[in-house]
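Overview (structure and organization)
What follows is the residue order along each chain.
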Amino acid sequence: MAISFRIHSLEIPLVRPFRTSFGTQSVRDVVLVEAISDSGISGWGECVTMSWPGYSSEYTSGAIDVMQQFLIPDLRPILGTTPEPDAVRAAMESQQGHPMAKAALSTALLDLWLKERNQSLGRYLGAVRERIDCGVSVGIPTSLDSLIEEVGLYVDQGYRRIKLKIEPGWDIEPVRLVRETWPSIPLQVDANQAYGRTDGPHLAQLDAFDLVLIEQPLPEDDLLGHVQISKVVSTPICLDESILSVASAEGAIEFGATTIINIKPGRVGGYLTAREIHNLCVERAIPVWCGGMLETGVGRAANLALAGLPGFTVIGDTSASSRYYAEDVTPPFVLNNGQLEVPTGPGIGVEPIVENLAAMSTGVITA
Ligand code: OSB
Ligand code: MG
């Protein structure tokens, strides 16, 4: 006997389509990995891939494939008992890339390991906050009127920071209008790689609106381009897609390509590496914030624990369940005074609701 896995595929409709420069999501096809011990305890991890490789090269059916064909077989030799978190990461290191698939498996095993020790993920990672200030990421809508309506909804709900998705043709004017309507709300933008090296002067027009940061204006592999942009634009540049590891974070900081970093556990292969990038950033005085990938409560719970670490001094994208889903797979995360609580139960601190899991399921693979 040993640990076994169930890979759950779910489909959950978003409350409104989420359009970014790389495409539109209306439904999230979620993958939840369940690691089951001999004694019947389950650990859970969410795979944050999208159905197509628009944000990064990973995508959902590819992630399931790499888990089944390569990652789970690599883990098998260490699954006699619940493995140490470092051993889990090391066992998958010989396969290149696929950080989101690796993060899902390693988080499920970490949740199980922590439950067996009756320790919360927040405590394990070193969280120092019990409540997290929440921002919200606003997709590209169909008109300026609907933008103001949607942002107004979030401001009324108490969100403490607004992030607008931008792309060429949807940037200066929408930002100007939101800034005029809410003169003092913390505001930032995310281009998801939609601009090029020569767009510095165009993006410099955003300097007039007192933005917290401009997120990932250029392609993932173009660190030099980000350095060039940062010489023309005075608003801080923050990398998301380009930060894939401790080494890439250190390089980007040293080259001057980024002065703030968005940490997403899925993008960097899990919570151990996310914590290491956080530690590096604290050492280099680079502020960090916790990004999101439209997670269900399973991924959100773990992200809130991470966002409790001391270096997370910039407001992140950990929004309430209702921002995304009419019904979450876990009990909903509810905004209270613009904040969400870091779960305190063992492991990630939440479990899927059995009936919701069944109702949302499109298939289960046992591995
Ligand atoms: O670039 O931060 C991003 C969602 C999916 C893919 C990429 C991104 C996003 C978001 C939403 O901006 C963050 C969230 O609310 O989960
Ligand atoms: Mg982003």
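What comes next concerns the included structure. Keep in mind the model is a prediction, meaning the values are calculated, not measured.

Brief notes about the overall build of the protein chain
From N to C terminus, the protein chain includes 14 helices and 13 strands. For the protein chain, the C-alpha radius of gyration of 20 Å lies close to 21 Å, the compact-globule estimate for 367 residues. Projected onto its principal axes, the C-alpha positions of the protein chain cover 60 × 40 × 35 Å. Residue burial in the protein chain is summarised as follows: out of 367 residues, 57% are buried. For the protein chain, the computed accessible surface area is about 14100 Å², with 52% contributed by carbon and sulfur atoms. Of the side-chain charges in the protein chain, 26 are positive and 44 negative, and the distance between the mean point of each set is 3 Å.

Looking at the sheet that holds strand S3 (residues 42-47)
Across the sheet, four strands lie side by side as S3-S2-S1-S13; this open sheet has antiparallel pairing. The outermost strands of the open sheet, each flanked by one partner alone, are S3 and strand S13 (361-366). Each strand axis lies, on average, 25 degrees off the axis of its neighbour in the sheet, ignoring direction. Two strands pair when backbone bridges link them, and strand S1 (residues 4-20) and strand S2 (residues 23-36) are joined in this way by 13 bridges, in the antiparallel orientation.

Let's talk about unusual backbone geometry
A positive phi angle, near 45 degrees, is found at Asn 192, a position not held by glycine. Considering the arrangement of structural elements, one finds Asn 192 in the loop between strand S7 (187-190) and helix H7 (200-203). Overall, Asn 192 belongs to the buried group, its relative accessible area being 6%. Here Leu 294, not a glycine, exhibits a phi torsion of approximately 60 degrees, which is positive. Relative to the helices and strands, Leu 294 is located in the loop between strand S11 (288-290) and helix H12 (297-307).

Re the sheet that holds S11
Taken in spatial order, the seven strands make up an open sheet running S5-S6-S7-S8-S9-S10-S11, and their pairing is parallel. Sheet topology places strand S5 (135-138) and S11 at the edges, where each strand pairs with a single neighbour.

Looking at the site of ligand 1
Among the 17 residues in the neighbourhood of ligand 1, the closest are listed as Ser 137, Lys 165, Asn 192, Leu 294 and Tyr 324. In this structure, Asn 192 approaches ligand 1 through a side-chain N or O atom, which is 2.8 Å from an oxygen atom. Expressed as a share of its isolated accessible area of 390 Å², the protein-covered part of ligand 1 is 100%. For the shell around ligand 1, the class distribution of residues is six nonpolar, three polar and eight charged. Inspection of the shell around ligand 1 shows a minimum of three residues originating in each of domain 1 (4-118 + 353-366) and domain 2 (122-341).

Quick notes on helix H3 (residues 99-117)
Spanning 19 residues, H3 covers 26 Å between terminal C-alpha atoms, matching the ideal 27 Å at 1.5 Å per step. Of all the 19 residues making up H3, 16 are buried; the element is thus mostly covered by neighbouring parts of the structure. Where H3 ends, the next residue or the one after it, Asn 118, has phi of about 55 degrees, a positive value.

Side note on the pattern of salt bridges
The full count for this structure, using the stated rule, is 20 salt bridges. For Glu 150, the salt bridge goes to Arg 16, with nearest N and O atoms at 3.8 Å. Pair noted here: Glu 150 is in helix H5 (residues 144-157) and Arg 16 is in strand S1, with a separation of 134 residues, a long-range link. Owing to a relative accessible area of 27%, Arg 16 belongs among the partly exposed residues under this scheme. In this structure, Glu 167 and Arg 19 form a salt bridge, with 3.0 Å as the shortest nitrogen-oxygen distance.

Cut-off values and rules
Residues numbered from 1 in each chain as written. Chains lettered and ligands numbered in written order. Predicted model: local features only at pLDDT ≥ 70, side-chain atom pairs only at ≥ 80, totals over all residues. Heavy atoms only, no water. Helix = DSSP H or I, 4+ residues; strand = E, 2+ residues; numbered from the N terminus. Rg over C-alpha atoms; globule rule 2.2 N^0.38 Å. Buried < 20%, exposed > 50% of the residue type's maximum accessible area, 1.4 Å probe, protein only. Areas by Shrake-Rupley, 256 points an atom, 1.4 Å probe, with all protein chains shown as cover. Lys, Arg positive; Asp, Glu negative; His and termini not counted. Charge placed at Lys NZ, Arg CZ, Asp CG, Glu CD. Pairing = 2+ DSSP bridges. Axes fitted to C-alpha atoms, helices over the stretch in contact; angles between N-to-C directions. Near = heavy atom within 4 Å. Polar contact = N/O pair within 3.5 Å; in protein donor to acceptor, adjacent residues only side chain to side chain. Nonpolar A, V, L, I, M, F, W, Y, C, P; charged D, E, K, R; others polar. Domains from an automatic or database assignment. Expected span 1.5 Å × (residues − 1). Salt bridge = Lys/Arg side-chain N within 4 Å of Asp/Glu carboxyl O.

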